[in-house]
Each structure stands twice: as structure tokens, then as C-alpha cells.
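Fold and contact review
The lines below spell out each chain.
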Amino acid sequence: MPTSTTSPSSSTNERPRFNSWALLFLFSTLALTAHETDDSNANAGANKLVTAVSSITLILSAIGSIAHLGFSSFLSSVFVGTLIEGLVALVSLALWAGCLPVVMDPRKGLAQMYVGKQSDEVIDYQPIISNANLYFCSWGAAICVLSVFAQYVRERLSAGNGGAERGGGMGYTNLWYLLGLASVVVVIEGMRFKNQVCVIDGGAETATCGRNTYGLVTGIIGLIVSVIISLFSTFGKDSALVTTISSFLCAILYTICAGLLTFDKGPATYVGNQYLAAWSGFFLSFMIFGSVVKEFMGVAGGSGSGGGSANNVNSSNNVEEEENEMDTI
């Protein structure tokens, strides 16, 4: 009597984005709690925005989590892998993309605030984390919703390609996405520091503003490179040589960037967005470069071993032919 068997991977494929949806629900809940329990918030408009975005994504992520668990077959069939899930993920991503800059604005004092180190005639303003729970939970929610959307797009592209994985570098495509996110933060924080601190008399030293400009340029280059390479990798058009050169370039730029921004007279010697983004760009770029080199060397080694095995097969065939000829004689 035939019996049906379920492969170990089938249960995973039925809920491919459950972890990301569940983490988004968790971070949205914690961000809402951290914001509502902070008595120092005085900006009414910003308060309403954070409360609304956290509440909406909390509800949407709860729906996504339940759908991926499979408790309701109807909800799963309507939501999982359909355009509805893509639309919900896109709306959640847009909400946090608009809310996160408000949360991180030091002038509003929600998750960061400006502090100054008085030295002679220079105050040396720098942003630091003022509400750690709101800060890290907001970033956690933003990264989770970005992960959900990226996984959804990858699944749709894979389905359109007959179920085959596109591109040879899908293993590090997510790292390019994260590097792009880190570059966006470096650019935003660099522009914010330039427009809010460097324009103030005595707000920062000339050397500090100069280092901030380098960080701004590095963020722009890193953003352009990461977006282009991640898109080519997603659509299967990536090149090992171009990816290697691009990741090496980003690694060099972010090495100098992290050093200039976070040491001595840099604008990010205190822990904040600019500090974490600069070091994230440093580590991510080297992770990508290492992954690309490792994959490239693995392919080269594999081809060499393949060639060796082919030679062994040919030589064994020749020996057998010679033995057959001797038997015939």
C-alpha cells in the first residue's frame, strides 16, 4: 500500500518568511512599548507618527505570522506568496522608511539626542543614543521588514524562473542589501551633521566637518555600488570579477571611513547611528569580499578537481582497451 512521505524541507517551504514576520511583530511591539513609556517625548507630531507606524506594522506582522503558521488554510492560501503579502510587506517597508528618520533625528530627542564637549570656543556636538530600547527595536523592525520584502521578491523571481535560483551569488546578496542600508544611514547622518552642526558657529571643528564630508562621499559610493550589484545578483547577471572589485573598493573606502569618523576628531566618536553604520559598512564589505573570494577559489578548485577526475577516467578507459587487445591476441 503506497504511503506519502513529506520531505524535511517541505515544512520550511510552507512558511519561508515566518521568522521575519514574527520578529517584526516582536520589534514593533517593543518599539511601541518603549516609545509610550518614555516620558521625555515632547514632540506631539513625531509621537503620533511613531505610535501609528508601530501599531500598524504590529497588526500587519501578526497577520503575516499567523498566515505562515498555517493555522488557517484559507488565510495561508490567500496571503503566503501572493501579491497581498508583497503589498503588505511593501507598505510596512514604506512606513518604517518614513518613520525611522524621524525616530533617529537628534533634534526630536526620541531615540537620539545631541550632546556637546566644550573645548575652548568649540562645543563639538555629536548625536548619542538617548532611548536604547526604542533605538534598537526600531532598527530591528526596519531590518526585519526589509528581510521580508527581499525574501518575497527572491521567491517571486525564483518562481518566474521555474523554481531555479537566479545568479551565482545569492548567498551574499543579503549582505549587499545590508551594506546598502548601512550606506543609506551614513549618507543621512552625514547630511544631518552637515546641516545641523557644521553650520553652527562653534558647533564642530573644521577637521570634524571635513571627516564628515568624506563619510558622506563614501556612503554615496557604497550605496550606488551595493544597489547595482545586488540588483544584478538578484536577476542572475552578476559577475565574479565585477563583484570582487566592487567589494574590495567598498572595503578600502569603509576602512578609511570608519577610521576618520570614529577616531580622534571624527563626528561619530560617540555610539550612535553614524558610528554603528560606519563600522557596519566596514565589516559587511569585508564579509562580502571574503565570500566572493572564497566562492571564486572554490569554483576554481572544483574545476581543477573535475578536470583531474576526467583525466583519471580517460586513463582507466585506455588501460581497459589495452587489456582487451591483449586478450584478443
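A quick note: this is a predicted structure, and the numbers were derived from the prediction, not measured.

Attention now goes to the pattern of salt bridges. Enumeration over the complete set of coordinates arrives at seven salt bridges. Here R17 and E155 are joined by a salt bridge, their closest N and O atoms 3.1 Å apart. Residue R17 is found in the loop between α1 (10–14) and α2 (18–36), and its partner E155 is found in helix α6 (residues 132–160); the two are separated by 138 residues along the sequence. Taking the relative accessible area as the measure of exposure, R17 reaches 1% and is therefore buried. With a closest N to O distance of 3.3 Å, K108 and D105 form a salt bridge. Here the residues in one salt-bridge network are R17, E85 and E155, joined through shared partners.

Attention shifts here to unusual backbone geometry. Backbone geometry follows two general trends: most residues other than glycine have a negative phi, and most peptide bonds adopt the trans configuration. Despite not being glycine, D264 has its phi angle at roughly 55°, a positive value. Residue position: D264 is located in the loop between α9 (240–262) and α10 (273–328). By relative accessible area, which is 62% here, D264 ends up exposed.

For the rest of this paragraph, the subject is the packing of aromatic side chains. Tallied over the entire structure, the rule returns nine aromatic pairs. With centroids separated by 6.3 Å and ring planes inclined at 75°, the aromatic side chains of F263 and W279 adopt a geometry described as edge-to-face. Remark: W279 occurs in helix α10 and F263 occurs in the loop between α9 and α10; sequence separation between them is 16 residues. Plain terms: the ring middles of W279 and F282 are 5.3 Å apart, the flat faces sit at 85° to each other, and that makes the pair edge-to-face.

Right, let's get into α9. A rise of 1.5 Å per residue sets the reference length of α9, with its 23 residues, at 33 Å; its end C-alpha atoms lie 32 Å apart and thus fit the reference within 8%. Among the residues of α9, T243, S246, S247, C250, A251, L253, Y254, C257, A258, L261 and T262 are the ones counted as buried. Looking one or two residues past α9, D264 carries a phi angle of roughly 55°, positive in sign.

How each quantity is defined
- Residues numbered from 1 in each chain as written.
- Predicted model: local features only at pLDDT ≥ 70, side-chain atom pairs only at ≥ 80, totals over all residues.
- Heavy atoms only, no water.
- Salt bridge = Lys/Arg side-chain N within 4 Å of Asp/Glu carboxyl O.
- Helix = DSSP H or I, 4+ residues; strand = E, 2+ residues; numbered from the N terminus.
- Buried < 20%, exposed > 50% of the residue type's maximum accessible area, 1.4 Å probe, protein only.
- Phe/Tyr/Trp six-rings, centres within 6.5 Å; stacked < 30°, edge-to-face > 60°.
- Expected span 1.5 Å × (residues − 1).

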